Amino acid sequence: MNYRGPQRVRIDEKPEPKILHPEDAIVRVTRSCICGSDLHLYNGNVPDTRVGTTFGHEFIGEVIEIGSEVQKLKVGDMVIVPFNIACGKCHFCKQGLFGNCHESNSQATAVGAIFGYSHTAGGYDGGQAEYVRVPYADVGPTVIPEGMDPDDAVLLTDVVPTAYQAAEMGGIQKGDTVVIFGAGPIGIMAARCCWLFGAGRVIVIDKIEYRLEFVRNYANCEAYNYEEMDDPVVFIKKTTDWMGADVVIDAVGAEATGNLMQTITGRKLLLQAGSATAAHWAVNSVKKGGIVSIVGVYGPTDNLFPLGNVLNKGLTIRANQAAVKRHLPRLIEHVQNGILNPKALITHRVPLEDVADAYHIFSEKLDNCIKPVLIPPTAR
Amino acid sequence: MENKTPKDYSHIKGWGIDADPKNDPTYPMKHRTDAEHEGYSWDRPTQQPIDVEVLHSIERPNVTAVFGTSVPPSGLSGMIRRFAFKHSENSYLHWLPLLMADRVNVVEGVIEDLGKGSVPNIFAEKGWKADWEHNRTGLIQKVGILALVTTAAVVLLTRKKD
Ligand SMILES: NC(=O)c1ccc[n+]([C@@H]2O[C@H](COP(=O)([O-])OP(=O)(O)OC[C@H]3O[C@@H](n4cnc5c(N)ncnc54)[C@H](O)[C@@H]3O)[C@@H](O)[C@H]2O)c1
Ligand SMILES: [Zn+2]
Ligand SMILES: [Zn+2]
């Protein structure tokens with residue numbers, strides 16, 4: 001796929017990627033997804049998103065070529081490719097912070113490199129394509145275990161690890177009440193993961209009825225529509241005996257709706273780095289001394305955010321791009337043992353050629369869409 | 001509401017299997033190494049040959065060992081991007097010009113398409129075909145508004161001529 005400008009994408013021919021570094025591999029994509037993160041690019045909100053870029057950071061496929069220093073991966077391996085590009089050697093990678101690698105993104109120090117995610121995240125072409133260049137092939141890519149459904153595998157590149165880390169960063173203790181803003185793929189899977197950490201009560205807030213309905217069934221949790229509330233913060237206070245939630249997760253990020261001023265300044269005029277409505281609600285609805293876990297993505301500049309309340313309430317904020325590779329062993333186990341069932345989130349399978357329609361459907365939340373997966377012609 | 005009485009979660013597969021009482025906010029998420037305070041000193045991966053223009057943040061001394069080669073800066077948008085990269089990530093003079101370059105780049109993209117003799121099919125690129133199947137009222141509204149705006153513009157323009 002080829003980005004042409006805000007809300008304009010299409011299919012174009014590009015030269016096949018080549019090995020440019022001895023640790024590179026070339027992967028023939030068999031499945032790739034569109035993610036809520038892609039919507040920030042699609043809407044033109046991420047600085048340095050160049051026309052002609054190929055998006056896509058959630059993909060699996062077959063290794064068809066390897067560089068001279070690649071030792072573990074072999075041609076013919078089917079691999080899960082984590083969305084982060086990580087060298088495995090820098091201090092940050094050594095600490096398991098694979099989303100914060102220092103040797104993969106020249107353009108910005110404040111974000112690690114991500115496939116197909118603008119030049120601010122490294123300027124790599126992504127996986128909504130037939131072939132992709134995958135740097136540091138021995139570090140990120142993980143061979144898909146025998147018998148694993150490719151639809152489960154493709155969701156292990158981002159959705160499941162991100163959702164799991166959202167819950168992990170919440171520092172959930174047994175019995176805790178957790179509120180999650182956002183019932184997209186990330187929020188839905190996060191609701192499921194909160195239980196694994198022993199949450200006592202899980203509440204999801206969104207405004208899209210079909211998604212609330214889905215998460216209620218999928219994650220066995222409570223789900224409420226904020227458009228039916230006078231004020232979501234008061235609603236949460238009330239339902240937690242006026243204390244606030246122990247942990248609040250922001251699984252919305254920069255495209256948030258629900259507050260006109262945030263929407264205008266954050267999404268229309270780009271005066272702030274996206275609309276910070278969910279982060280704002282999170283800070284105000286968590287209990288004093290509580291934890292706010294942010295996985296919703298915001299841009300690199302500033303946001304309108306109640307910092308004073310963070311201070312006065314003594315909050316802890318934890319946030320990051322998910323360190324996919326760190327979580328994979330445990331999450332593969334969970335999928336294999338039937339604890340987690342990622343593929344149930346996939347609602348749409350679309351030929352890669354129809355990428356423009358898939359973006360539009362996912363972006364506008366049409367046709368009860370939760371997660372679309374793109375299938376390239378070579379994989380059909 | 002805190003759960004004062006123990007509840008039964010047996011219907012939830014895997015409840016509590018990853019519970020970690022040590023994971024309170026002061027428990028570090030990263031694995032500390034003994035290299036914490038040694039600065040930029042690790043054994044770097046091999047450098048990818050720098051044979052395309054790569055802009056790099058002035059908050060680091062070099063180009064990273066690997067980098068993306070997609071769409072190097074070019075044209076007017078490229079000039080604006082080069083200017084932006086003279087300023088740090090801490091500065092609006094970095095981010096605002098980049099956003100401006102992105103917009104200029106869209107126009108360059110259309111010119112490039114026209115140069116190749118193809119008019120971009122904006123409706124297809126916007127995925128409005130999907131609206132026909134899943135959001136017909138929305139599509140009709142959009143087209144209706146477009147028609148209204150066009151008619152109004154035509155009326156206004158023709159009036160001025162009189
Ligand atoms: N940190 C990471 O590593 C990482 C990885 C993947 C995705 N993300 C981010 O997670 C976020 C969610 O991704 P997704 O794929 O689920 O996206 P999505 O667009 O499918 O879902 C977002 C949901 O939030 C809802 N929403 C909007 N405003 C809201 C509000 N004020 N309160 C509650 N809900 C609101 C929307 O209706 C939508 O259902 C995005 O910002 C994405 O960039 C982060
Ligand atoms: Zn993603
Ligand atoms: Zn690294």
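Everything here concerns the structure above.
Structure report, in brief. Here the structure is a predicted model, which is why all the values come from computation and not from measurement.

Rules behind the numbers
- Every chain's residues receive numbers from 1 upward, in the order its sequence appears when written.
- To label them, take the chains in the order written and letter them from A, then take the ligands in the order written and number them from 1.
- Given that this is a predicted model, residues contribute local features only at a pLDDT of at least 70 and side-chain atom pairs are listed and counted only at 80 or more, while totals for whole chains, interfaces and linings are drawn from all residues.
- The side-chain numbers reported here are obtained from all heavy atoms of the structure, hydrogens and water having been left aside.
- For Na, K and Ca the donor cut-off is 3.2 Å; for every other metal, N, O and S atoms count as donors within 2.8 Å. Water does not enter the count, which can leave sites looking incomplete.
- Working rule for geometry: tetrahedral if four donors all subtend angles between 85 and 135 degrees; square planar for four, octahedral for six, if opposite donors exceed 155 degrees and the others stay between 65 and 115; irregular in every other situation.
- A 1.4 Å probe rolled over the protein chains alone gives each residue an accessible area, and that area as a share of the maximum for its type sets the label: buried under 20%, exposed over 50%, partly exposed in between.
- Note on contacts: a residue pair qualifies if any of its non-hydrogen atoms lie within 4.5 Å across the two residues.
- As a working definition, buried area equals the accessible area (1.4 Å probe) given up by two parts on being put together, with both sides summed.
- Only one rule defines a salt bridge in this text: a Lys or Arg side-chain nitrogen within 4 Å of an Asp or Glu carboxyl oxygen.
- Each helix corresponds to a stretch of at least 4 residues labelled H or I by DSSP, and each strand to a stretch of at least 2 residues labelled E; elements are numbered beginning at the N terminus.
- Any residue with a heavy atom positioned within 4 Å of a molecule or strand is treated as near that molecule or strand.
- Side-chain atoms alone can form a polar contact between residues adjacent in sequence; in general such a contact is a pair of N or O atoms within 3.5 Å, and within protein one must be able to donate a hydrogen while the other accepts it.
- Accessible areas in this description were obtained via Shrake-Rupley with a 1.4 Å probe; residue shielding takes into account the shown protein chains only.
- Grid points spaced at 1 Å over the protein atoms alone were grouped into cavities, where a 1.4 Å probe fits but cannot get out, and pockets, open sets with protein on both sides within 12 Å along at least five of seven lines, with lining residues defined by an atom within 4 Å of a point.
- Grid points are joined across faces, edges and corners, and a volume is the space filled by probe spheres set on the points.
- By the convention adopted, Pro, Cys, Tyr, Trp, Phe, Met, Ile, Leu, Val and Ala count as nonpolar, Lys, Arg, Asp and Glu as charged, and the other residues, Gly among them, as polar.
- Among the buried residues, those of types Ala, Val, Leu, Ile, Met, Phe, Trp, Tyr and Cys that are joined through side-chain atoms within 4.5 Å form a nonpolar core.

This brings us to the coordination of the zinc ion (ligand 2). All names here are of chain A. Only C35 (SG), H57 (NE2), E58 (OE) and D158 (OD) from the protein reach the zinc ion (ligand 2) as donors, at distances of 1.9 to 2.3 Å. Here the zinc ion (ligand 2) is ringed by 4 donor atoms whose angles at the metal span 92 to 135 degrees, and the overall shape comes out irregular. Among the residues examined, C35 registers a relative accessible area of 3% and is labelled buried. Under the relative-accessibility criterion, H57 is labelled buried at 2%.

With that settled, consider the interface of chain B and chain A. Counting residues at the interface gives 84 residues for chain B and 91 residues for chain A. Buried area between chain B and chain A, both sides added, is near 7,100 Å², and the carbon and sulfur share of it is 51%. If you look at where chain B meets chain A, you find 8 salt bridges. The shortest N-O distance in the salt bridge between R10 of chain A and E125 of chain B comes to 2.7 Å. Counting only elements with at least two residues in the side of chain B that touches chain A, the list comes to α2 (92-115), α3 (122-125) and α4 (128-134) of chain B. No other element matches the 12 residues that α2 of chain B contributes to the side of chain B that touches chain A.

For the rest of this paragraph, the subject is the site of ligand 1. Residue and element names in this part refer to chain A. Around ligand 1 sit 33 residues, and of these S37, D206, V252, V295 and A322 come closest. Take G36: an N or O atom from its main chain is 2.9 Å from an oxygen atom of ligand 1. In the environment of ligand 1, an oxygen atom lies 2.7 Å from a nitrogen or oxygen atom belonging to the side chain of S37. Protein chains shield 96% of the accessible area of ligand 1, which is 870 Å² for the free molecule. When residues of the shell around ligand 1 are traced back to their parent elements, those giving at least two are α1 (36-42), α5 (185-196), β11 (201-206) and α9 (277-285).

Any space left empty among the atoms is revealed by the rolling of a water-sized probe across them. In this structure, the second largest pocket occupies an estimated 1,100 Å³ of space. Put simply, the parts of the chain that give the lining of the second largest pocket at least two residues each are β1 (2-5) and β8 (131-134) of chain A together with α1 (75-84) and α2 of chain B. Element by element, the count of residues in the lining of the second largest pocket is highest for α2 of chain B, at 5 residues. Residue composition of the lining of the second largest pocket, grouped by class: 15 nonpolar, 13 polar and 17 charged.

A separate point is the nonpolar core. Residues and elements named next belong to chain A. Of all hydrophobic cores here, the largest spans 85 residues; its most connected members are L156, I180, M189, C194, V215 and L340. Per element, the largest residue contribution to this core is 9 residues, and it comes from α5. In contact with M189, other than residues within four places in its own chain, are V159, V160, A163, Y218, L340, P342 and L345. Counting 31 residues, the second largest nonpolar core, distinct from the first, contains V27, F59, V79 and V132.

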